[in-house]
Amino acid sequence: MSVTVKIAVKNKLKTTTKHDKSELIDRIENHITKFLQKSNAPGLVIALSKGDDLHFSKGYGVKSLDNIGQEHNDYTVNTYTPICSMIKCMTAAAISILVNQGKLSWDKPLKTYVPGVEFSDPWVTDHVTILDILTHRTGLSSYMDGIHGKNGLLDSKKVFLKNLKSLPLVGEFRSSFEYNNMMYSLACLIIKEVSGQPYAQFVEEHIFKPLGITKFSWYTSSLKKTGDFAAPHEFAYSIDEFYNEFKDAKAEDNLELKYKQVAGWSFEDDHMIGVGTLALPATEMSKWVRCLMNDGKSSNGTQVVFDVEFLSKPHNTYTGNALGYGCGLFTKLIDGHVVKSHTGGLPGYCGEFSYVKSEKITLFIGCNASNQLRIHDVMLAELLNHTGITQIIDEYEQKERPWRYINYVVKKYRTFNEGYKQIHPRFDEFVGTYTHPAYGEVVIGKEDRPGHLSMVRQPEYYVLYPYSKKDSDDDQSSLSFYALDGLISTSWFFKINDDNSIVLYLKDRSGAGEVEISFFKKA
């Protein structure tokens, strides 16, 4: 197990001592040990710094549950860990470099740099800027993310622009927060168009090289070739298995959730690179976070990133649970301290980083399991010597109890499984192929169990579980389903129009409320 700890007292006038810092590390390690015991997450890595005299990094647990008992399976500070959406501020930083070179402007219309870019609203097309797309204020909802990456529908610039035009805006332009990965794919396209270099090459030359970052992986194929990477893990249950296991569980029971190793998503698409495919060891990630905290400078004083204050300031203040969102960074106020941060997550992974410039604090945590990783808040509170640390720890421990999640899933299962009363009289007519101009095709078939359907959207396969709403059980014009991918659900429903045509709707929630995407049945 790899551990790096550097503690030195440089100024006798400091009120904190080597002993204080050792106690701090002991508390942090104690929190991590408890987290791994309660959550059953396979592994975790942390890298932090405070002031000039405390640097700590360490890996815990294992990289792979499938390789338990084998050599070289320890999760260490050198293990490649996907940082997911934590890369977004790096993408914004690459844009800032081009702005500093005079090749881009924050305020000019996007179509200046990408001729042919077109949103569904012509006025937005004429006015949307690079700053708008990096701060999630275009009005495009997060549910639009599904048109790229995993489903292979974003394989060229032409397809990207075609899909973009087909997507409605659900939020108010510049007056809403609609987190949208697709806009960061667009930023990658802009970097390539303007610099003449692919995104990865540009970042390696202008960010990684001056920061001394030499270990990194952009693609799933290259990640596996490293031989030292964290494998993805998710809960080890189908929805039916989960329900049968925990349907009679009580809050006072000693409950335990189990994980299994999964294949995860495969990323080989250049358009997705600046959205969340990068994997780094914790030691390399910490160089990047310290660069942000040091106003874009490397450890030797070289200016690598420009206008970090501009990048990190809240340009979008409609976020609700934070002071606002800048270019790939949230701003929060914690115990009087201004904190810049971003989370990241993919199936099988999660993480978060933050920095506090006033206290010279940096923190990065990565985990090889799908989890909300609330432990980051506890770590940050410890580093800040938060006045309410006891309450924060108490709240964290209550939220981390498996019962909370178990109770939520069991209740949800009952709403769509036990509550369904009868098979729709026109059930067989729902089977067929449905299309959307941006999302492509979904194929609906029948499952063996009565009243259930299957949905194939290559390469994904879902089971559609019917559920009823008490106020509309007798409504024969529609039928609602939950599509289950493991324990993750999305809501869909079929609607029979007056002309007997059938439309399949994907329902989702955005900052603007509930939105619907229409898939029309092929004749």
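This text gives an overview of the structure that appears in the document. None of these values were measured; they are calculated from a predicted model. (Residues numbered from 1 in each chain as written. Predicted model: local features only at pLDDT ≥ 70, side-chain atom pairs only at ≥ 80, totals over all residues. Heavy atoms only, no water.)

### Comments concerning the overall build of the protein
Applied cut-off: Where helices and strands are cited, they refer to DSSP runs of H or I of at least four residues and of E of at least two residues respectively, numbered from the N terminus. The buried label goes to any residue with under 20% of its type's maximum accessible area, the exposed label to any with over 50%, and the partly exposed label to all in between, with areas taken from a 1.4 Å probe on protein chains only. In what follows, residue pairs with any heavy atoms lying within 4.5 Å of each other are defined as contacts. Residue burial considers only the protein chains on display, and all accessible areas are found by Shrake-Rupley using a 1.4 Å probe.
Assigned secondary structure in the protein consists of 15 helices and 20 strands. Taken across its 523 residues, the protein has 53% of its residues classed as buried. Look at the contacts in the protein between residues 6 or more apart in sequence, and 62% of them connect residues 24 or more apart. Summed over all atoms, the accessible surface of the protein reaches about 23,300 Å², with 48% contributed by carbon and sulfur.

### Looking at empty space enclosed by the protein
For clarity, the cut-off: Buriedness of a pocket was judged along seven lines, with at least five required to meet protein on both sides within 12 Å; pockets are open sets of points on a 1 Å grid over the protein atoms alone, cavities are sets where a 1.4 Å probe fits but cannot get out, and lining residues have an atom within 4 Å of a point. Grid points are joined across faces, edges and corners, and a volume is the space filled by probe spheres set on the points.
Applying the stated rule across the entire model yields one cavity of 30 Å³ or more. Estimates place the volume of the largest cavity at around 30 Å³. Taken together, H31, K34, K38, Y396 and E397 form the lining of the largest cavity. Those elements that provide at least two residues to the lining of the largest cavity are α1 (18–39) and α14 (389–399). The greatest single-element share of the lining of the largest cavity, amounting to three residues, is contributed by α1.

### Quick look at the packing of aromatic side chains
Aromatic ring pairs: the centre-centre distance and the angle between the two ring planes describe each pair. Selection rule: Pairing of aromatic rings covers Phe, Tyr and Trp, the last through its six-membered ring, and needs centres within 6.5 Å; plane angles under 30 degrees mean stacked, over 60 mean edge-to-face, and all others mean tilted.
Going through the model one piece at a time under the given rule, you end up with 22 aromatic pairs. Among the aromatic residues, ring-to-ring pairing joins F235, Y237, F242, F246, Y259, Y405 and Y408 into one connected group.

### Here we look at helix α7 (residues 199–211)
Under the convention used in this document: Multiplying 1.5 Å by the residue count of a helix minus one yields the expected span of that helix. One axis is fitted to the seven residues ending at the residue and one to the seven starting there. The bend at that residue is the angle between these axes.
Relative to the 18 Å expected for 13 residues at 1.5 Å per residue, α7 spans 17 Å between its end C-alpha atoms, a close match to the ideal helical length. At E205, α7 shows its strongest bend, of approximately 35 degrees. Of the positions making up α7, those classed as buried are Y199, A200, F202, V203, I207, F208 and L211. Where α7 is buried, its residues meet α2 (88–100), α6 (181–195), α10 (273–276) and α11 (282–293). After α7 finishes, the residue G212 shows a positive phi value of roughly 75 degrees.

### A short note on the packing of α2 against α7
So the rule is basically this: Simply put, an axis is a line fit to the C-alpha atoms, just over the touching stretch for a helix, and the angle between two N-to-C directions goes from 0 to 180 degrees. Just so you know how the angles are binned, under 35 degrees is roughly parallel, over 145 roughly antiparallel, 65 to 115 roughly perpendicular, and the rest oblique. In the scheme used here, Gly and all other residues not listed as nonpolar or charged are polar, with Ala, Val, Leu, Ile, Met, Phe, Trp, Tyr, Cys and Pro taken as nonpolar and Asp, Glu, Lys and Arg as charged.
One way to put it is that α2 packs onto α7 with a least axis distance of 10 Å and a crossing angle of 75 degrees. Between α2 and α7, the interaxial angle falls into the category roughly perpendicular. In this structure, α2 uses M90, T91, A93, A94, I97 and L98 to contact α7, whose residues at the interface are Y199, F202, V203, H206, I207 and F208. The class makeup of the residues in the contact of α2 with α7 is ten nonpolar, two polar and no charged.

### Describing the nonpolar core
The condition that has to hold: Nonpolar cores were defined as sets of buried Ala, Val, Leu, Ile, Met, Phe, Trp, Tyr and Cys residues, with membership established by side-chain atoms within 4.5 Å.
Formed by 105 residues in total, the largest nonpolar core has its most connected members in L134, I207, W288, F353 and F494. Sequence-distant contacts of F353, that is, excluding residues within four places in its chain, are made with M86, C89, M285, V289, L292, L329, K340, S341, H342, L363, F364 and H376. L44, C350, I365 and I375 belong to the second-largest nonpolar core, a separate cluster that totals 49 residues.

### Structural notes on the environment of E205
For clarity, the threshold we go by: Under the rule applied, a polar contact is a pair of N or O atoms within 3.5 Å (in protein, one hydrogen donor and one hydrogen acceptor; residues adjacent in sequence only if both atoms are side-chain atoms).
Position of E205 among the secondary structure elements: in helix α7. Leave out the neighbours within four places in its chain, and E205 touches Q197 and P210. A polar atom in the side chain of E205 sits 2.8 Å from the side chain of Q197.

### As for the packing of helix α13 (residues 375–384) against α14
We count it as follows: Handedness of a crossing is defined here by the sense of rotation of the near helix relative to the far one, left-handed for an anticlockwise turn of less than a right angle and right-handed for a clockwise turn.
Two numbers describe how α13 lies on α14: the axes approach to 10 Å, and their chain directions differ by 170 degrees. By the angle class used here, α13 and α14 are roughly antiparallel. As α13 runs across α14, the sense of the crossing is left-handed. Residues I375, V378, A381 and E382 of α13 pack against I389, I392, I393 and Y396 of α14. Class assignment for the residues of the contact of α13 with α14 results in seven nonpolar, no polar and one charged.

### A look at the side chain of S176
Of note, S176 is situated in the loop between α5 (157–165) and α6. The exposure class of S176 is buried, given its relative accessible area of 9%. There is a polar contact of 2.8 Å between the side chain of S176 and the backbone oxygen of E172. If we ignore the near neighbours within four places in the chain, the residues touching S176 are H136, R137, G139, G171, N316 and Y318.

### Side note on the layout of surface pockets
Approximately 420 Å³ is the volume found for the second largest pocket. Around the second largest pocket sit 32 residues that line it, and F229, A230, A231, P232 and Y349 are the ones nearest its centre. Here the element with the most residues in the lining of the second largest pocket is helix α8 (residues 220–225); it accounts for three residues. By residue class, the composition of the lining of the second largest pocket is 16 nonpolar, twelve polar and four charged.

### Focus on helix α9 (residues 239–246)
Our working rule: To obtain the arc, one takes the directions from the helix axis to the C-beta atoms.
For α9, the complete set of buried residues consists of I239, D240, F242, Y243 and F246. The arc enclosing the buried residues of α9, seen along the axis, measures out at 160 degrees, which places them on a common side. Exposed residues lying more than 90 degrees from the buried face of α9 are N244 and E245.

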